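One letter stands for each residue in the lines below.
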Amino acid sequence: MSGPHGLLVLRAGALTTVQDRGRPGYAHLGVPRSGALDAGAHALANRLVGNPVDAATLETTLDGVALRALAPVTVAVTGAPCAVRASGRPVAWGEPVWLPGGAELEVGRAESGLRSYVAVRGGFGVPAVLGSRATDLLSGLGPPVLAAGTLLPVGPPGPDLACGADGVAGSAGAGAAGSELVLPLRLGPRADWFTAESIAGLWRSGYRVSALSNRIGLRTEAGPPLRRARGGELPSEGMVLGAVQVPPDGLPVVFLADHPVTGGYPVIGVIPEGPPLDAAAQARPGTGVRFVRAGRN
């Protein structure tokens, strides 16, 4: 889309990408799922501007983004709480905001959590790859990471949908992480690769989010390493969103949206999709992590 339409990136921030609900169903081709890490905040941002849930949004990391509207648009910012300004004036976070043509939207630094989501009425109309507009940092599929000067096309508004948060799980700041990240874990399929003492210790112990975490996975540190009950190598097998893989250092890694589709380290368990994984997307380095039993193991 060209001409006097779309949003122009003035400041790209530390890491801003286009995200939607990803491209599930292509793991057999070696294509990761990708998509918004905080799925609840992404869905709510779309709801606030009257978009369908699968419309593309922007996912910012820590220090936000700045955009110029080249034509009148309606936007909303959710996820990590942050200051939002339109042409220098404070505007609502977690609510629809109308921008006249030429207005500049400044999404500020996250006050808590990591990732904010910017939705525009009509969605970001970048080209789709395998049915999704998501940027996948592992495979390189989808649009490139945003840079200053990028022009983001805006799609045509669809049928009018009810705006507002009613009917959307959580709230605009549901992903804002607290002092501790509690992750429900269903054991398996490779829990038998670890000693009973290690598994018992997993429920009693705490870890911290490592600074090495990214869209591929949340890495942990400062907790007791999980000890194996058997040696040898495990053939590569399929991985799912929320799988908790244990590399040789024994410290759990939670697979997030850009995770590889296969892996050779044992998976001690899986975190079900939903609010806990959304919270993992918002957990800053140093945040405490605790694993608890989910369901019947």
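Thresholds, definitions, all that
Positions within a chain are numbered from 1, following the residues in the order the chain's sequence is written. Where local features are concerned, this predicted model is filtered to residues with pLDDT of at least 70; where side-chain atom pairs are given and counted, the filter is 80 or more; whole-chain, interface and lining totals use all residues. Water and hydrogen atoms were dropped before computing side-chain values, which therefore reflect all heavy atoms in the structure. Labels follow the DSSP assignment, with helices taken as runs of H or I lasting at least four residues and strands as runs of E lasting at least two, numbered in each case from the N terminus. When accessible area is computed with a 1.4 Å probe and restricted to protein chains, residues below 20% of their type maximum are described as buried, those above 50% as exposed, and intermediate ones as partly exposed. For this analysis, residues touch if any pair of their heavy atoms sits within 4.5 Å. We treat Lys and Arg as the positive residues and Asp and Glu as the negative residues; His and chain ends play no part in the count. In this description, the location of a charge corresponds to atom NZ of lysine, CZ of arginine, CG of aspartate or CD of glutamate. Every residue is assigned a pLDDT by the predictor, reflecting its confidence on a scale from 0 to 100. Any two strands with at least two DSSP-identified bridges between them are counted as paired. Any carboxyl oxygen of Asp or Glu within 4 Å of a side-chain nitrogen of Lys or Arg constitutes a salt bridge here. For helices, the axis comes from a line fit to the C-alpha atoms of the stretch in contact; other axes are also lines fit to C-alpha atoms, and the angle between any two N-to-C directions lies between 0 and 180 degrees. Here a polar contact is recorded for every N or O atom pair within 3.5 Å, except that within protein the pair must consist of a potential hydrogen donor and a potential acceptor, and residues adjacent in sequence are included only if both atoms are side-chain atoms. Between rings of Phe, Tyr and Trp, where Trp is taken as its six-membered ring, a pair exists when centres lie within 6.5 Å; planes separated by under 30 degrees are stacked, by over 60 edge-to-face, and by other angles tilted.

## Comments concerning the overall build of the chain
Reasoning step 1: Check the secondary structure of the chain and you find three helices and 20 strands.
Reasoning step 2: When its C-alpha atoms are laid out on the principal axes, the chain stretches across 65 × 40 × 35 Å.
Reasoning step 3: Counting the 297 residues in the chain, one finds 49% classified as buried.
Reasoning step 4: Counting only contacts in the chain whose residues sit at least 6 apart along the sequence, the fraction spanning at least 24 positions is 78%.
Reasoning step 5: One way to put it: in the chain the 25 positive side-chain charges average out to a point 3 Å from where the 22 negative ones average out.

## Here's the deal with the environment of Leu-251
Reasoning step 1: For Leu-251, the position within the fold is in the loop between strand 16 (243-245) and strand 17 (253-255).
Reasoning step 2: Sequence-distant contacts of Leu-251, defined by excluding residues within four places in its chain, comprise Tyr-207, Thr-220, Glu-221, Gly-223, Pro-224, Pro-225, Gln-245 and Val-246.

## Points about the confidence of the model for the chain
Reasoning step 1: Across the chain, the average pLDDT comes to 93, with 92% of residues at or above 70.
Reasoning step 2: Of the regions scoring below 50 in pLDDT, residues 167-171 engages in four contacts with residues more than four places distant in sequence or in other chains.

## Things to note about helix 1 (residues 39-48)
Reasoning step 1: Among the ten residues of helix 1, seven are classified as buried, and the element is accordingly described as predominantly covered.
Reasoning step 2: Those residues of helix 1 that fall on the buried side of the exposure criterion are Ala-41, His-42, Ala-43, Leu-44, Ala-45, Asn-46 and Leu-48.
Reasoning step 3: Each element contacted by the buried residues of helix 1 is listed here: strand 2 (17-19), strand 3 (57-61), strand 5 (73-79) and strand 10 (115-120).
Reasoning step 4: Where helix 1 ends, the next residue or the one after it, Gly-50, has phi of about 80°, a positive value.

## A few points about the environment of Ala-43
Reasoning step 1: Positionally, Ala-43 belongs in helix 1.
Reasoning step 2: In the structure, Ala-43 is positioned 52 residues away from Glu-95 in sequence and 13 Å away in space, judged by C-alpha atoms.

## Thoughts on the sheet that holds strand 11 (residues 151-152)
The pairing of strands in a sheet comes from backbone hydrogen bonds and takes either a parallel or an antiparallel form.
Reasoning step 1: Pairing in this open sheet of six strands is antiparallel, and the strands run 7-6-9-4-1-11 from one edge to the other. What marks the edges here is a single partner per strand, and that holds for strand 7 (89-90) and strand 11.
Reasoning step 2: Bridging between strand 4 (residues 65-69) and strand 9 (residues 104-110) involves four bridges; their strand directions are antiparallel. Across the sheet, residue Ala-66 finds its bridge partner in strand 9, namely Glu-106.

## Quick notes on the pattern of salt bridges
Reasoning step 1: Overall, the coordinates contain ten salt bridges when judged by the stated rule.
Reasoning step 2: Where Glu-106 meets Arg-11, a salt bridge forms, and the shortest distance between an N and an O atom there is 2.6 Å. With Glu-106 in strand 9 and Arg-11 in strand 1 (residues 7-11), this residue pair connects regions lying 95 residues apart in the sequence.
Reasoning step 3: By relative accessible area, Arg-11 is classed as partly exposed at 28%.

## Some words on the pairing of strand 10
Reasoning step 1: Most of strand 10 sits inside the fold, with six of its six residues counted as buried.
Reasoning step 2: Because side chains alternate across strand 10, one face comprises the buried residues Arg-115, Tyr-117 and Ala-119, and the other comprises Ser-116, Val-118 and Val-120, equally buried.

## Some words on the pairing of strand 20 (residues 288-293)
Reasoning step 1: Examined bridge by bridge, strand 12 (residues 180-187) and strand 20 share six bridges and lie parallel to one another. The residue of strand 20 that forms the bridge with Glu-180 is Gly-288.

## Focus on the sheet that holds strand 20
Reasoning step 1: As summarised here, the arrangement of the seven strands in space is 12-19-16-17-14-13-20, forming a closed barrel in which the pairing is mixed. Each strand axis lies, on average, 40° off the axis of its neighbour in the sheet, ignoring direction.
Reasoning step 2: As paired elements, strand 12 and strand 19 (residues 267-270) share two bridges and run antiparallel to each other. Within the sheet, the bridge partner assigned to Arg-186 lies in strand 19 and is Val-270.

## Quick look at the side chain of Asp-258
Reasoning step 1: Relative to the helices and strands, Asp-258 resides in the loop between strand 17 and strand 18 (262-263).
Reasoning step 2: On the accessibility criterion, Asp-258 (0% relative accessible area) is buried.
Reasoning step 3: Reaching out from Asp-258, the side chain makes a polar contact with the side chain of Arg-215 at a distance of 3.0 Å.

## Considerations on the packing of aromatic side chains
Reasoning step 1: Tallied over the entire structure, the rule returns one aromatic pair.
Reasoning step 2: Measuring from ring centre to ring centre gives 6.0 Å for Tyr-207 and Phe-291, while their planes differ by 75°; the resulting arrangement is edge-to-face. Here Tyr-207 is found in strand 13 (residues 207-209), whereas its partner Phe-291 is found in strand 20, with 84 residues between them in sequence.
Reasoning step 3: On the accessibility criterion, Tyr-207 (3% relative accessible area) is buried.
Reasoning step 4: The exposure class assigned to Phe-291 is buried, which follows from its relative accessible area of 1%.

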